[in-house]
Amino acid sequence: MSKRIAILTSGGDCAGLNAVMRAAVLRAHGLGWEVIGLENGTAGLLDSPPRYRVLKPSDFSNTVLRMGGTILGTTNSRDPFAYKMDDGRVIDRSDELLESLKGLGVDSLIGIGGDGSFAILNKLVKQGGLNFVGIPKTIDNDVFMTDFAVGYDTAVAVATEALDRLQPTAASHDRVMILEVMGRDAGHIALAAGIAGGADVILIPEIPYTIENIAKKIASVKKDGRNFALVIVSEAVKTPDGQKHEVVYHGGETRYGGIGDYLCLKIADATESEARVTVLGHVQRGAGPSYNDRLLASAFGVKAVDLLVEGKFGRMVAWQNDSVVDVAIEDAIKECHIVDKDGMLVHTARALGICLGDE
Ligand code: F6P
């Protein structure tokens, strides 16, 4: 069996990726295995020569554990099965990529990614007969079969801090402040940060809402003598009549964006209040990892190497009930982990009197 593992980060970056790599490299070296880091996700393998670097424990001796981003680089738009060439053609480069990887003398791969990346990597490793273990990361926390993904805790902390910073300025100006946060189709960040940051209204894609319900809540806040209100909204929330708010970027890529501005005007009209919007955006991804993310990253990195050494392949490491376990990657990519409308956090929010928009 090869004693050389390749590791890569894929999809959107988040806090804690470097901490995962550190843990994997320290564990692998302790067991006598070498680790190479692939640059820019799988995309670096398609460059000539392929872009990679040997990762040694000394590379992680100082600040890297604490750093946001990924020292290897990443991509969320270079699917090797449908690769967009500079001349506009879209071609399958998977065979080329697998050849390149084999040329580096590895047959084991650790992929740090979200559900989209895992679907691609799983297809790739099956085609190439590679030994694969996945480590879930994403601020959205939408990977199925794990309670937490690396990067989520930090993003929630950033969003909570944003509410902390909006509160005094809202109170100073008698304003309704709307904070738009990321999360793609899952409302985990908005729900958790909204509870932790004392929001009056939390809007998530899983729960429908009306402007009237929001206005009713803000009116009751004012009636109780408070001169400001805080609203947090997840980027994928639609308008009450079901319209998505998206931005189309160069090349046709679409991303969520704009629901905060939409709600700001609607809420201002419905409540006759001054309202302002803050779009938190990529700030949620760029922070140094929280201690929880460092712990998760460390436990996941060690477990991933252990699985490869034990010969357990096609697995994803997962956090379930305060323990690190492994699940079949095929099962993990079947569904998306969205907010449970009947779950503990939704119940908590309602019990605190927070308006979720549906009543
Ligand atoms: O999946 C992570 C995420 O940050 C989402 O919350 C967000 O919708 C998206 O990525 C933004 O993607 P990009 O970095 O390509 O703008």
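What you see is a predicted model; the values in this text were computed from it and never measured.

Novice: Would you mind going over the domain arrangement of the chain with me for this structure?
Specialist: Size of an interface: often given as the accessible area lost when the parts come together. Taken domain by domain, the chain comprises domain 1 (4–150 + 289–320) and domain 2 (154–285 + 340–351). Between the C-alpha centres of domain 1 and domain 2 the distance comes to 33 Å. Listed by partner, the interface residues are 14 residues for domain 1 and 12 residues for domain 2. Regarding the contact of domain 1 and domain 2, the summed buried area is about 1,100 Å², with carbon and sulfur atoms giving 43% of it. For the domain 1 face of the interface with domain 2, the top three residues by lost area are Asp13, Ile139 and Asp140, together amounting to 47%. Taken together, the connections running from domain 1 to domain 2 amount to 4 salt bridges. For Arg184, the salt bridge is made with Asp142, and the minimal N-O distance between the two is 3.0 Å.

Novice: What exactly am I supposed to notice about the site of the ligand here?
Specialist: The environment of the ligand is made up of Asn76, Ile139, Asp140, Met182, Gly183, Arg184, Glu235, Arg255, His282 and Arg285. Gly183 is positioned such that a nitrogen or oxygen atom in its backbone is 3.2 Å from an oxygen atom of the ligand. In the model, an oxygen atom of the ligand is placed 2.6 Å from a nitrogen or oxygen of the Glu235 side chain. Split into classes, the residues belonging to the shell around the ligand amount to 2 nonpolar, 3 polar and 5 charged.

Novice: I tried to follow the sheet that holds strand 15 (residues 323–328) on my own but got confused; where do I start?
Specialist: Neighbouring strands of a sheet are bound in pairs by backbone hydrogen bonds; such pairs are parallel or else antiparallel. Strand order in the open sheet formed by 7 strands is 3-2-1-6-7-14-15, and the pairing between neighbours is mixed. Each edge of the sheet is formed by a strand with only one pairing partner; in this case those strands are strand 3 (52–55) and strand 15. Neighbour-to-neighbour, the strand axes of the sheet open up by a mean angle of 30°, direction not taken into account. Bridge count for strand 14 (residues 315–320) against strand 15 is 6 bridges, and the pairing is antiparallel. Within the sheet, the bridge partner assigned to Met316 lies in strand 15 and is Val327.

Rules used in this analysis
Residues numbered from 1 in each chain as written. Predicted model: local features only at pLDDT ≥ 70, side-chain atom pairs only at ≥ 80, totals over all residues. Heavy atoms only, no water. Domains from an automatic or database assignment. Contact = heavy atoms within 4.5 Å. Buried area = accessible area lost by both parts, 1.4 Å probe. Salt bridge = Lys/Arg side-chain N within 4 Å of Asp/Glu carboxyl O. Near = heavy atom within 4 Å. Polar contact = N/O pair within 3.5 Å; in protein donor to acceptor, adjacent residues only side chain to side chain. Nonpolar A, V, L, I, M, F, W, Y, C, P; charged D, E, K, R; others polar. Pairing = 2+ DSSP bridges. Helix = DSSP H or I, 4+ residues; strand = E, 2+ residues; numbered from the N terminus. Axes fitted to C-alpha atoms, helices over the stretch in contact; angles between N-to-C directions.

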